[in-house]
2 protein chains.
Amino acid sequence: MSSLGLAPALDHAARTVEQTLEVVLPKPHGLHSRIHDAMRYATFAGGKRLRPFLVLESARLFDVPVAYAARAAAAIEVLHTYSLVHDDLPCMDDDDLRRGRPTTHKAFDEATAVLAGDGLLTIAFEILADAASHPNAEVRCKLIARLAEAAGANGMIGGQMVDMVAAERDFGAEEIMLLQRLKTGQLFEFSCEAGPILAEAGLAEQERMRQYARDMGLVFQITDDLLDVTSTAEKAGKAVGKDQDHGKATLVSIYGIDGARQKAKEISDRAVAALEPFGDKAVALRELLPFLLTRES
Amino acid sequence: MSSLGLAPALDHAARTVEQTLEVVLPKPHGLHSRIHDAMRYATFAGGKRLRPFLVLESARLFDVPVAYAARAAAAIEVLHTYSLVHDDLPCMDDDDLRRGRPTTHKAFDEATAVLAGDGLLTIAFEILADAASHPNAEVRCKLIARLAEAAGANGMIGGQMVDMVAAERDFGAEEIMLLQRLKTGQLFEFSCEAGPILAEAGLAEQERMRQYARDMGLVFQITDDLLDVTSTAEKAGKAVGKDQDHGKATLVSIYGIDGARQKAKEISDRAVAALEPFGDKAVALRELLPFLLTRES
């Protein structure tokens, strides 16, 4: 498939993953239809589908058929969605709104939101275990192991735990970067490694894509923190100033606004450099960096 | 390995799975050690390890090496544990005690309990995806797919959803049996099918073991409901009379105490009959039925 620029590639990823999600998520049926409804409500909420984009574009670099990449993209998106559903719960971040709509526990109830999150996490692995995700079962197991590692107690969930600790003590720049690498970075890493894993490329290729993901994730986080400080709620489309309110250290609070912008620019350049061997195929992944640096929401 | 009677087989299963759990669960470390602590607290709580017993004994029938069965047993046990942790949450059953100890959200806090449950669910799939669980990746994928199906929105989680609906309306015997088959039966089915799956036996063998599991699960549930009505809290070691208090229909409320006992006996006989082809190898699985019929806690 020919390479797309960033905007059409994001659009392509959203359409592709939503088609796959429509197929793999259970249709509401039976006495337990409420769980199906809640899983779909949380999933079809108009997100940017950034992780599916990363999966599809990393797959493009290694000439992986879109059919396989689409399923890995669906798996990471339902996993990401579960993390949002649980994160929004009253005992966690206690958010009533997400993307302008009531959060799942508001639209349904808390128990249903807990179960819907559990169901989404479970189906992520079910999607990957199916032969439709790749003809080679070793590849499917590798994806499953990598996703479980990225999402588990030493990955994203570990990051959420560190985040809870962060509220109680002062973190330095190193600790903040570790937190971000776990909490949001791990799913980006999985997404970008999915391409080389599906292509059965070597560990060196996987490591290169992980480096790109790591840097891209840091830029994503720093610019998110910058938005939190500089944006208005209207532009960002969500509550802003939350980190400051909670007295939580971010790279912006440590480096200052200009220092953080500078840091983001440096890391962005390093991310782009990692893509060099892929030439034109990497155009969308490359364009993602300046997009993040200049985003307003 | 020679066949064991029920008591030594249960003891063997508990020791075997606990050794494996000790290895596969992360040791507490780093800024996020609290999540590791909570996962271990929930897991090492002195349960009966009934599901690991079913995995190990179903594996014995098909001459599966204990090393593989032990990992499948660990996977189902952490998955079962996650379901208890989330089930005990204030927004679900709101239980303060389990097996005489504070529940995970009481010993830690609600957010940690949500994350610990998520971490246990995630690691169940990580355990199965690892080559140590079986040399054939197709077998590992099959186990993962079967576990996800059993635990997901059309399995255990679906059952929990039906249970929430059950509190709002009247259920007949058929609906109650469906509920139980989903809510508690599905993990029993996975446990008993693990043996034939690990042995790469045919679908007929898998179906036979599923039939045993289905009937065994019904007997387990009916005797649990009977205990709820007839036992004292002291003997049962937990709160009793809960179903009656909540006005929830059970097979006991429909058939009466004697009728439910008679039903349990009939189903028990059918479960034992399913084991006939396995002769002496099935002694522990066979003895489980009269044990359930006469249990006092």
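Residues numbered from 1 in each chain as written. Chains lettered and ligands numbered in written order. Predicted model: local features only at pLDDT ≥ 70, side-chain atom pairs only at ≥ 80, totals over all residues. Heavy atoms only, no water.

(A) Up close: the overall build of chain A. Looking only at helices and strands, chain A has 14 helices and 2 strands in total. Rg of the C-alpha trace for chain A: 19 Å, near the compact-globule value of 19 Å for 297 residues, within the 12% margin. Projected onto its principal axes, the C-alpha coordinates of chain A cover approximately 50 × 50 × 30 Å. Buried residues in chain A amount to 57% of all 297 residues. (Helix = DSSP H or I, 4+ residues; strand = E, 2+ residues; numbered from the N terminus. Rg over C-alpha atoms; globule rule 2.2 N^0.38 Å. Buried < 20%, exposed > 50% of the residue type's maximum accessible area, 1.4 Å probe, protein only.)

(B) Region of the structure containing empty space enclosed by the protein. All names here are of chain A. The full count for this structure, using the stated rule, is 4 cavities of 30 Å³ or more. Around the largest cavity sit 16 residues that line it, and Ala42, Ala45, Arg98, Arg99 and Thr104 are the ones nearest its centre. Listing elements by their share of the lining of the largest cavity, those giving two or more residues are α2 (33-43), α4 (66-87) and β2 (101-102). Considering every element that reaches the lining of the largest cavity, the biggest residue donor is α4, with 5 residues. Residues belonging to the lining of the largest cavity are distributed by class as follows: 6 nonpolar, 4 polar and 6 charged. (1 Å grid on protein atoms, 1.4 Å probe; cavity = no way out; pocket = protein on both sides within 12 Å on 5 of 7 lines; lining within 4 Å. Points joined across faces, edges and corners; volume = space filled by probe spheres on them. Nonpolar A, V, L, I, M, F, W, Y, C, P; charged D, E, K, R; others polar.)

(C) Structural detail: the packing of aromatic side chains. For the structure on display, the rule yields 7 aromatic pairs over all chains. Between the aromatic rings of Phe62 of chain B and Phe278 of chain B, the centroid separation amounts to 5.5 Å while the plane-to-plane angle is 70°, which identifies the pairing as edge-to-face. Residue Phe62 of chain B is found in the loop between α3 (50-61) and α4 (66-87), and its partner Phe278 of chain B is found in the loop between α13 (251-274) and α14 (283-294); the two are separated by 216 residues along the sequence. Side by side, Phe62 of chain B and Phe278 of chain B carry an identical accessibility label, which is buried. A ring pair is formed by Phe188 of chain B and Phe220 of chain B, whose centres lie 5.2 Å apart and whose planes are at 70°; its orientation type is edge-to-face. Placement of Phe188 of chain B in helix α9 (residues 173-198) and of Phe220 of chain B in helix α10 (residues 203-230) is noted, with a sequence separation of 32 residues between them. Accessibility assignment for this pair places Phe188 of chain B and Phe220 of chain B in one class, buried. Above the ring of Tyr41 of chain A, the side-chain terminus of Arg101 of chain A is found at 3.8 Å from the ring centroid. The aromatic ring of Phe220 of chain B is capped on one face by Arg295 of chain B, whose charged end is 4.7 Å from the ring centroid. (Phe/Tyr/Trp six-rings, centres within 6.5 Å; stacked < 30°, edge-to-face > 60°. Lys NZ or Arg CZ within 6 Å of the ring centre and 35° of its normal.)

(D) Inspection of the nonpolar core at higher detail. With 194 residues, the main nonpolar core has Phe53, Leu79 and Tyr212 of chain A together with Phe53, Leu79 and Tyr212 of chain B as its most contacted residues. Beyond its immediate stretch of four places on either side in the chain, Phe53 of chain A contacts Leu6, Ala9, Leu10, Ala13, Ala284, Leu285 and Leu288 of chain A. (Core = buried A, V, L, I, M, F, W, Y, C linked by side-chain atoms within 4.5 Å. Contact = heavy atoms within 4.5 Å.)

(E) Looking closely at α2 of chain A. Most of α2 of chain A sits out of view: 8 of its 11 residues are buried. Those residues of α2 of chain A lying buried are Ile35, His36, Ala38, Met39, Arg40, Tyr41, Ala42 and Thr43 of chain A. For α2 of chain A, the elements touching its buried residues are α1 (6-24), α4, β2, α5 (104-107) and α6 (110-129) of chain A together with α8 (156-166) of chain B.

(F) Structural context of the interface of chain B and chain A. Between chain B and chain A, the residue contacts involve 50 residues of the former and 50 residues of the latter. Buried area between chain B and chain A, summed over both chains or domains, comes out near 4100 Å², and the portion from carbon and sulfur atoms is 76%. Summed over the three residues of chain B that lose the most area to chain A, namely Leu31, Leu115 and Met161 of chain B, the buried surface amounts to 17% of that side. Where chain B meets chain A, there are 2 salt bridges. In this structure, the connection of chain B to chain A is made through 10 residue pairs in polar contact (both at pLDDT 80 or more). Sorting the residues of the side of chain B that touches chain A by element identifies α2 (33-43), α4, α6 (110-129), α7 (137-151), α8 and α9 of chain B as the ones contributing at least two each. Of the residues forming the side of chain B that touches chain A, the biggest block, 12 residues, is contributed by α6 of chain B. The residue inventory of the side of chain B that touches chain A, partitioned by class, reads 29 nonpolar, 11 polar and 10 charged. (Buried area = accessible area lost by both parts, 1.4 Å probe. Salt bridge = Lys/Arg side-chain N within 4 Å of Asp/Glu carboxyl O. Polar contact = N/O pair within 3.5 Å; in protein donor to acceptor, adjacent residues only side chain to side chain.)

Nothing here speaks to function; it is geometry throughout.
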